[in-house]
Amino acid sequence: MNHTLPPDARMRASRAEYARRMNRVLDYIDRHLDAPLDLAQLADVANFSRFHFHRIFAAWMGETLGDYARRRRLETAAGRLARGSAEPVLEVALACGFGSGEAFARAFKQQFGCTPTEWRAGAPQRAAAQLAAMHSNPDQLHSKPGQARPRPPGDHDGSLTLYGETEMDVQITDLPAVRVAYQRLIGPYGPQIGVFWRQTMAPWMRSHGLDGQLCYGVGHDDPSVTPPDKCRYDACVTVPEGFQPTGPASLATLPGGRYAVAKFRGQPQTISNAWMWLTREWLASSGLQCDDRPSFERFDPAGSFDPATGDMICDICIPVRAL
């Protein structure tokens, strides 16, 4: 910590450092849900005192480490069951860190009010609305004073067209892995995502000379499964090799591989319809299914908004594999 900074700057720098360290822990937990989580090891990942780490985690996240890990295991299992594959329930349970099918079934019913099999059977009715809610566009990053602005993401009105009227050209392509710097928003998806891009991420990008780089919006959680105040959204920007972020930003790699990529151009409030069409209509007829990599929206900040029409422009990218 630089003690020559003014007190307010020191406070912001301290919170930024806490955010980076806690994000490292959350990402580590998600990568190791199938294994026992060792408190001392997690404290080392965060570079916090082993003695105090559990208290720090609970204060920062609003839930204990054990409750957080249990919730993420169940949410991940729910996501796998909803994807429509023939993966046995027991395999899902073991892959998500449960020692037996019985323990998994009890915990699952307590969390979601139904058995894993019932949850899987009801997946088609939930899927489109869930994925549409997971993804909110980043709004304008570089609006000018007085310029007409698109509606904030998630701020929908009654003018939406039916999802069935949406059609896009979908290409199956192999995307490379991308190194990004990201800042994480934890809270309900919706209008605050646009505010987060404009007021937090965009100024940080400009201060680091990154305002011309490709950006990605990643909603990690399903808001019908994860409590809204616990949902995670990453505002990401591509960074050059060797880049070291400052402030609250952290580094990550968006995985490459096979994706269904659809170009979206339209009014911001209609992007939910695009997600619904892709997941309910196109994906179901494609012979493909989602895999465990994150879906995301990809956009060029300089060309993500047409001021003449109010349209937003981005690529919707869904990771896919064969059924």
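Just so it is clear, the model here is predicted, and its values are computed rather than measured.

Novice: What exactly am I supposed to notice about the packing of aromatic side chains here?
Specialist: Any two aromatic rings considered together are summarised by their centre-to-centre distance and by the angle between their planes. Considering all chains together, one arrives at 13 aromatic pairs under this definition. A ring pair is formed by F108 and F112, whose centres lie 4.7 Å apart and whose planes are at 55°; its orientation type is tilted. Of this pair, F108 and F112 both sit in helix α6 (residues 101–112), four residues apart, which is roughly one turn of the helix. Here F108 and F112 have matching classes, each one buried. Cluster of aromatic residues (ring-pair linked, three or more members): F98, F104, F108, F112 and W119.

Novice: I keep staring at α6 and nothing clicks. Help me out?
Specialist: Each turn of an α-helix holds 3.6 residues, which means side chains three or four residues apart point in the same direction. Counted at 1.5 Å a residue, the expected span for α6 with its 12 residues is 16 Å, and the 16 Å between its end C-alpha atoms agrees. Of the surrounding secondary structure, the elements contacted by the buried residues of α6 are α4 (65–82), α5 (89–95) and α7 (116–121). Directly after α6, the chain includes G113, whose backbone phi takes a positive value near 80°.

Novice: How do you make sense of the layout of surface pockets when you look at a structure like this?
Specialist: Here the idea is plain: a probe the size of a water molecule rolls over the atoms and shows the empty space left. Within this model, the second largest pocket holds a volume of roughly 520 Å³. Taken together, 21 residues form the lining of the second largest pocket, with R15, A19, W60, R184 and P248 sitting closest to its centre. Mapped by element, the contributors of at least two residues to the lining of the second largest pocket are α1 (7–31), α3 (53–61), β2 (178–186) and α9 (191–207). When the residues that make up the lining of the second largest pocket are grouped by side-chain class, the tally is 10 nonpolar, six polar and five charged.

Novice: Is there a simple way to explain the state of the cysteines in this structure?
Specialist: Each disulfide is one covalent bond, formed between the sulfur atoms of two cysteines. A complete count under the given rule lists zero disulfides for this structure. Residue C236 stays outside any disulfide, its sulfur separated by 8.7 Å from that of C215, the closest cysteine. No disulfide involves C314; its sulfur sits 8.3 Å from that of C317, the nearest cysteine.

Rules of the game
Residues numbered from 1 in each chain as written. Predicted model: local features only at pLDDT ≥ 70, side-chain atom pairs only at ≥ 80, totals over all residues. Heavy atoms only, no water. Phe/Tyr/Trp six-rings, centres within 6.5 Å; stacked < 30°, edge-to-face > 60°. Helix = DSSP H or I, 4+ residues; strand = E, 2+ residues; numbered from the N terminus. Buried < 20%, exposed > 50% of the residue type's maximum accessible area, 1.4 Å probe, protein only. Expected span 1.5 Å × (residues − 1). Contact = heavy atoms within 4.5 Å. 1 Å grid on protein atoms, 1.4 Å probe; cavity = no way out; pocket = protein on both sides within 12 Å on 5 of 7 lines; lining within 4 Å. Points joined across faces, edges and corners; volume = space filled by probe spheres on them. Nonpolar A, V, L, I, M, F, W, Y, C, P; charged D, E, K, R; others polar. Disulfide = S-S within 2.5 Å.

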